Structure formats: C-alpha cells, structure tokens
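Each chain is listed here by its residues.
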Amino acid sequence: MQTLTLNNSIKMPLLGLGTYQLTGSTGQKAMCQAIEVGYRLFDSAQMYGNEKYLGAAINAAIKGGIKREEFFIQTKLLGANSENSTKKSIEKSLQSLRLDYIDSLLIHEPYAQSKAMYKAMESFYKQGILKSIGISNFSAKAYKEFIQTCEIIPAINQCETHLLMQQKPLREVMKAKGTLLQSWSPFIAGKNVAGKNMGGGSILENPTLKSIASKYDKTPAQVVLRFLIKQGISVIPKTSKKTRMIENFNVFDCSLSAEDREILSALDTNKSSFSWTNY
C-alpha cells in the first residue's frame with residue numbers, strides 16, 4: 001500500500017475504508033473482511049456509533065498476528081462544550097476502540113467550540129496518545145481562520161471530494177501548511193448527478209468516465225480513485241461488500257495519462273452534491 005507523509009512526518013496509507021453505516025455484527029464482519037483484503041486505514045466517527053465494532057475488528061486482527069503499528073485508525077469528534085469535555089470525549093473514543101492511541105483524530109465539522117476542542121486534542125497529541133490531529137468539512141475560509149490560533153497545524157482536512165467537486169481552491173490554501181486533503185464519498189454516494197457531460201444517473205455512469213475506464217481495463221470507480229490518489233488526495237470509499245473492497249483496493253497498478261487526467265479535471269464544478277455542506 002502506498003503512503004502519504006503527513007506534515008508531522010507520520011505516514012498514512014493513501015487508501016482506506018470509510019465505515020459510515022457499518023454497525024453491529026454485520027458492520028464488524030465487513031471491517032474484518034477489509035482487513036483480510038489488506039486495508040489498514042479505517043475511518044470512523046463518534047457520530048457513526050461504530051467505534052466499538054471497529055475496535056473489536058482491529059483487536060481481533062492484532063490477536064491474530066497483525067501488528068498494531070500496521071494500522072492507521074482514524075475517528076472524528078462530535079461537538080463538545082469545552083476543552084475539558086473534549087478530553088473526556090477523546091477518552092471515551094479510546095475506550096470504545098480499545099486502543100492505547102489513535103493514529104488520527106479529527107473534529108467532525110466546524111463547531112462553535114472547535115478551537116477549544118482543538119486545544120484538548122493538542123494536549124493529547126503532545127502526550128503521544130494522538131499521533132496526528134486534524135479537521136473535517138472545513139472550507140478554505142474556515143480553515144484559514146481556524147489555523148490562526150493553532151499551535152499544531154492540522155495534518156488532515158477530510159472533505160467532500162470527487163470528480164464534480166475536486167476542492168482545487170481548498171487544496172491550494174492548505175498546501176502552504178502541508179495539510180492533506182482526504183476525500184469522503186469519492187463516488188458521491190451513488191447520487192444522481194446532472195450538469196455538463198454528466199448524462200444523469202450516478203457519476204459512475206458518466207460516459208466520459210466510462211470511456212476512460214475502458215481504455216485501462218478498469219472500472220469507473222477505480223479510475224475515480226486513481227485520479228484522486230494521483231493528486232495526493234487520500235481516499236476512504238465506503239462499502240460493506242468484499243468484492244467492492246477488492247475492486248477499490250486494486251487501483252495502484254495503472255497510471256492515467258496526462259490527457260485523461262485533464263479530461264477528468266475538467267468535470268469539476270466546484271459545487272457540493274450534498275445539501276448540508278457549507279464549502
């Protein structure tokens with residue numbers, strides 16, 4: 001698995017498994033299957049209600065012989081009222097995951113108390129309990145304002161990122177500080193899309209994308225992931241199906257031409273496909 005080096009020199013796999021809606025025994029089974037396929041980066045969140053299931057899957061794998069250091073476990077905090085309550089919230093996630101440390105902890109979205117929350121995260125980072133810290137769903141404007149009071153610059157900003165919203169302005173802003181963009185919902189959650197050259201339906205049915213995919217004997221999903229990864233964007237596609245896990249995992253054996261990358265880049269509208277976001 002190829003890795004990216006974060007702005008604090010920690011290495012993170014480029015590709016991982018998103019775990020939104022993976023809960024209960026079926027969710028835990030899916031996470032165990034992902035480990036079997038070779039996934040080592042897992043993205044969870046307090047909001048997802050599945051940290052304990054991810055923790056169970058990871059601990060089972062460790063008992064089976066995989067070293068803890070091979071995994072990169074990431075989760076996200078819900079809003080908290082203060083720095084102190086955030087510390088308690090972090091401890092709760094550690095307990096749910098049954099881990100001594102978390103590889104990456106993010107603030108799930110811009111909250112009113114985000115700065116106080118981040119102070120608590122910085123404290124745990126200095127203790128080595130959090131190996132890296134960051135944010136999620138912060139626009140370029142919110143990012144620039146937020147880092148003004150940060151002692152430790154966020155290593156990651158996890159945002160909606162896909163062919164129709166490639167986050168070019170945000171990436172340019174974060175580049176100077178070395179904050180990595182991580183893509184959630186790289187397939188736009190299978191939503192119907194419209195617009196120039198879209199053709200309607202899922203982004204994976206886009207004629208341009210399908211044509212490019214056929215050239216490389218890859219699926220449209222694999223081309224999307226390869227395109228994002230080539231730009232240094234970490235991807236965490238979500239699926240509960242092992243066949244899809246394998247498909248998404250096998251994207252490092254091809255290289256898109258500069259011409260094809262330009263064609264895909266031109267699909268960008270810089271507009272969110274989700275009504276609740278505020279980029």
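Model, not experiment: these values are computed from the prediction. (Residues numbered from 1 in each chain as written. Predicted model: local features only at pLDDT ≥ 70, side-chain atom pairs only at ≥ 80, totals over all residues. Heavy atoms only, no water.)

Asker: Talk me through the packing of aromatic side chains; I want residue IDs and the actual numbers.
Answerer: The tally for this structure, following the rule as stated, stands at five aromatic pairs. Ring geometry for F42 versus F71: centroids 6.5 Å apart, planes at 50°, classification tilted. Here F71 lies in the loop between α2 (51-63) and β5 (72-77) and F42 lies in strand β4 (residues 41-43), a separation of 29 residues in the sequence. Exposure remark for F71: the relative accessible area of 2% places this residue in the buried category. Taking the centre distance of 5.1 Å and the plane angle of 80° together, the rings of Y118 and F146 count as edge-to-face. Linking Y118 in helix α4 (residues 114-126) with F146 in helix α5 (residues 140-146), this pair joins segments that are 28 residues apart in sequence. Clustering of aromatic rings is evident, with ring pairs tying together Y118, F138 and F146. Positioned above the aromatic ring of Y101, the side-chain terminus of R68 is 4.0 Å from the ring centre. (Phe/Tyr/Trp six-rings, centres within 6.5 Å; stacked < 30°, edge-to-face > 60°. Helix = DSSP H or I, 4+ residues; strand = E, 2+ residues; numbered from the N terminus. Buried < 20%, exposed > 50% of the residue type's maximum accessible area, 1.4 Å probe, protein only. Lys NZ or Arg CZ within 6 Å of the ring centre and 35° of its normal.)

Asker: Give a description of helix α9 (residues 242-249) that names residues and reports values.
Answerer: For α9, the set of buried residues is M245, E247, N248 and F249. Packing partners of the buried residues in α9 comprise β3 (17-18), α1 (24-37) and α8 (220-230). (Contact = heavy atoms within 4.5 Å.)

Asker: Describe in detail the UniProt feature "site: Lowers pKa of active site Tyr" (unreviewed entry) in the chain, supporting the description with residues and values.
Answerer: Under the local residue numbering, the UniProt record ascribes the feature "site: Lowers pKa of active site Tyr" (unreviewed entry) to K76. Structurally, K76 can be placed in strand β5. Taking relative accessible area as the criterion, K76 reaches 0% and is therefore assigned buried. Setting aside its immediate chain neighbours within four residues, K76 contacts D43, S44, A45, Q46, Y48, L105, L106, H108, S136 and Q158. Here the side chain of K76 touches S44 through a polar contact of 2.9 Å, landing on its backbone oxygen. (UniProt positions renumbered as here; feature names shortened; annotations may be inferred. Polar contact = N/O pair within 3.5 Å; in protein donor to acceptor, adjacent residues only side chain to side chain.)

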